[in-house]
Amino acid sequence: MVNKIFLSSPHMSDEGYEMEYVQEAFDTNWIAPLGKNVNEFENEFAINVGIKHAAALSSGTAAIHLALKAIGVEEGDIVFCPTLTFSATANPIIYQSATPVFIDSDEETWNMCPKALDEAFKKYPNVKAVIVVHLYGLSANMDAIMEICEHHNVKVIEDAAESLGSYYKGFHTGTIGDYGVFSFNGNKIITTSGGGMLVSNNEERINKTRFWATQARDQARHYEHSELGYNYRMSNISAGIGRGQLKVLDDRVAKKNYIYNYYKQELGSLEGIEFMPNEEKNKSNYWLSCITLQGKVRPFEIIEALEKENIEARPIWKPMHKQPYFSEYAYVGKNVAEKLFENGVCLPSDTKISDNGLKKIVEIIKGLW
Ligand SMILES: *Cc1c(COP(=O)(O)O)cnc(C)c1O
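Residues numbered from 1 in each chain as written. Predicted model: local features only at pLDDT ≥ 70, side-chain atom pairs only at ≥ 80, totals over all residues. Heavy atoms only, no water.

### A short note on the pattern of salt bridges
Taken as a whole and assessed by the stated rule, the structure comprises 12 salt bridges. One salt bridge in this structure joins glutamate 42 and arginine 210, with 3.4 Å as the shortest N-O distance. In this pair, glutamate 42 is assigned in helix α2 (residues 36-49) and arginine 210 in helix α7 (residues 203-213), connecting sequence segments 168 residues apart. For arginine 210, a relative accessible area of 22% corresponds to the partly exposed category. With a closest N to O distance of 2.8 Å, glutamate 266 and lysine 366 form a salt bridge. Here glutamate 266, found in helix α9 (residues 249-267), pairs with lysine 366, found in helix α12 (residues 355-366); they are 100 residues apart in sequence, far enough to count as distant. Residue classification places glutamate 266 among the partly exposed positions, given a relative accessible area of 26%. We classify lysine 366 as partly exposed; its relative accessible area is 35%. Within this structure, Glu42, Arg210 and Arg233 form a network of salt bridges that share partners. (Salt bridge = Lys/Arg side-chain N within 4 Å of Asp/Glu carboxyl O. Helix = DSSP H or I, 4+ residues; strand = E, 2+ residues; numbered from the N terminus. Buried < 20%, exposed > 50% of the residue type's maximum accessible area, 1.4 Å probe, protein only.)

### What to know about the sheet that holds strand β11 (residues 289-293)
Ordered by their spatial adjacency, four strands build an open sheet running β10-β11-β14-β12, and the pairing between neighbours is antiparallel. Looking at strand neighbours, the two that pair on one side only are β10 (273-275) and β12 (314-315), the edges of this open sheet. Taken together, the four bridges between β11 and strand β14 (residues 344-347) define a ladder with antiparallel strand orientation. Bridging across to β14, cysteine 290 finds its partner in cysteine 346. Contacts from helix α11 (residues 336-343) reach β11, β12 and β14 within the one sheet, and its direction differs from that of β14 by about 55°. (Pairing = 2+ DSSP bridges. Contact = heavy atoms within 4.5 Å. Axes fitted to C-alpha atoms, helices over the stretch in contact; angles between N-to-C directions.)

### As for the domain arrangement of the protein chain
For the protein chain, the domain assignment lists domain 1 (17-246) and domain 2 (249-367). Measuring from the centre of the C-alpha atoms in domain 1 to the corresponding centre in domain 2 gives 25 Å. Of the roughly 3600 Å² buried between domain 1 and domain 2, counting both surfaces, carbon and sulfur atoms make up 66%. Our enumeration of links across domain 1 and domain 2 arrives at zero salt bridges. Counting the contacts that link domain 1 with domain 2 gives 22 residue pairs in polar contact (both at pLDDT 80 or more). At the level of elements, α4 (87-95), β3 (99-103), α5 (114-123), β6 (167-168) and α8 (236-246) are the ones that each hand at least two residues to the side of domain 1 that touches domain 2. (Domains from an automatic or database assignment. Buried area = accessible area lost by both parts, 1.4 Å probe. Polar contact = N/O pair within 3.5 Å; in protein donor to acceptor, adjacent residues only side chain to side chain.)

### Description of α8
Counting buried positions along α8 yields 11 of 11 residues, so the element is predominantly enclosed. Among the residues making up α8, those that are buried are Asn236, Ile237, Ser238, Ala239, Gly240, Ile241, Gly242, Arg243, Gly244, Gln245 and Leu246. On the buried face of α8, the contacting elements are α1 (17-27), α2 and α9. Its side-chain oxygen placed 3.2 Å from the backbone nitrogen of isoleucine 237, serine 235 serves as the N-cap of α8.

### Some remarks on the side chain of serine 13
Its location among the elements puts serine 13 in the segment before α1. Given a relative accessible area of 8%, serine 13 falls into the buried group. Side-chain polar atoms of serine 13 contact the backbone nitrogen of glycine 16, separated by 3.2 Å. A polar contact of 2.7 Å, which involves the side chain of serine 13, links it to the side chain of glutamate 18.

### As for the site of the ligand
By nearness alone, 15 residues border the ligand, and Thr61, Asp159, Glu162, Ser183 and Lys188 come closest of all. The side chain of aspartate 159 places a nitrogen or oxygen atom 2.7 Å from a nitrogen atom of the ligand. A distance of 2.9 Å separates an oxygen atom of the ligand from a polar side-chain atom of asparagine 185. For the shell around the ligand, the elements supplying multiple residues, two or more each, are α3 (60-71) and α4. Class assignment of the residues belonging to the shell around the ligand gives a composition of four nonpolar, eight polar and three charged. (Near = heavy atom within 4 Å. Nonpolar A, V, L, I, M, F, W, Y, C, P; charged D, E, K, R; others polar.)

What follows is the structure in C-alpha cells.
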C-alpha cells in the first residue's frame, strides 16, 4: 500500500553503503555463507558494542539457541525468562527440551523484575541459565540482576535484539552478561533483511558457536561429525547489508530519539497517558516509542484510529505465560507485565517518518480525547 506509515521498517542508508558491500560480494562471487563481509561485519560489530568476539548468525533466535547450548542447557534444565517479550526469546528454551520459568516485569524498567527473580531462585534453586531482555530499547536493571545471578553462579544471556545502540550505565546492552544476542530482522533498528549476532568475551565459546552453526564439521578431508550441527550462519550478502547499516546506526538512534521526544511533547499532557520509562543514566535507542493508558481512551481505539489512516501501531507484547503454547509453564510475579500488555501501545516509530507524518499521528490521537 502506498504511503503507509510503518511501526518500524527497513531503512537503507542514503549514501548506498549497503550496495557497495553487496556489489563487492557479487564481484568476487562470494554469494555464500561465510566470506569477507561476514568476517568484517563480526569485527566491526564487536568494536561497535565494545566486546571481544562476535558470531554472525542467520537470526537472533538462532543466537539465543546457540547461547543456551554454549552454556550447556539440556533436556530438563530450568531457564528463567522474562514473561514480557517476543516468543523468540522463549522458543529456543523449548528447542533444547529445557523448561522455561517466566519472570514478571517491574514498572521502573518494564523488564525482568529483580525481586521476582530473587523469589524465583528461592522456588527453583537449580537453574541453568537466565535470559534477560532489553525491551523496546529500555535497559533491564542489570546491576541487580547480575548480582543475583552471580550469587547463584548462573550464566546470563542478554537478549538485546531490540536494544542495539542502547547503553546501561555507559556499557552497551548485550555486553554485560555472559552472552549477548542481537537481531537484524527487518523491523529492528538496523537490518540485514534477516540475521543475528551472538557476542561474548569468551573466545572458545564463540568459536564453538561458529562450529555448531556450520553443521558441526570436524577437521577432516571427508565430512566427519562428532556433534549435532545447525545451518545457522549468516550469508555474505546479508553481512554486506549489515556492514552498511552499522554506519548509520547512530543516525537511526538519533531519529528514534527525535520521534520519542516529539510524541512526548505533543501527547505527554493528555489525561491518562504515561510514557515508557526513560532513565537519564541509561541511554535508550528508542527502538519503539511506547505509552500506557490509564484513562477512558483504550489502546485498541488508538490502534484502530491510526489503522483507518493506513498507519501501523501495536499493543505491547502479550506475556508468555498468557500464551496458549506456554501456559503450562510456571510464572513468578505480580501481574505487572499483564497490566503493561492491557494498557500499552507501541506508536509508529519508523525512522523514515516525516514531520508531516508525525503531525498527522498526534492529531489523530489527540482527536480521541
Ligand atoms: C526480534 C526479536 C528476537 C528474534 O530475532 P530474529 O532475528 O527475528 O530471530 C528475539 N527477541 C526479541 C526481544 C526480539 O524482538
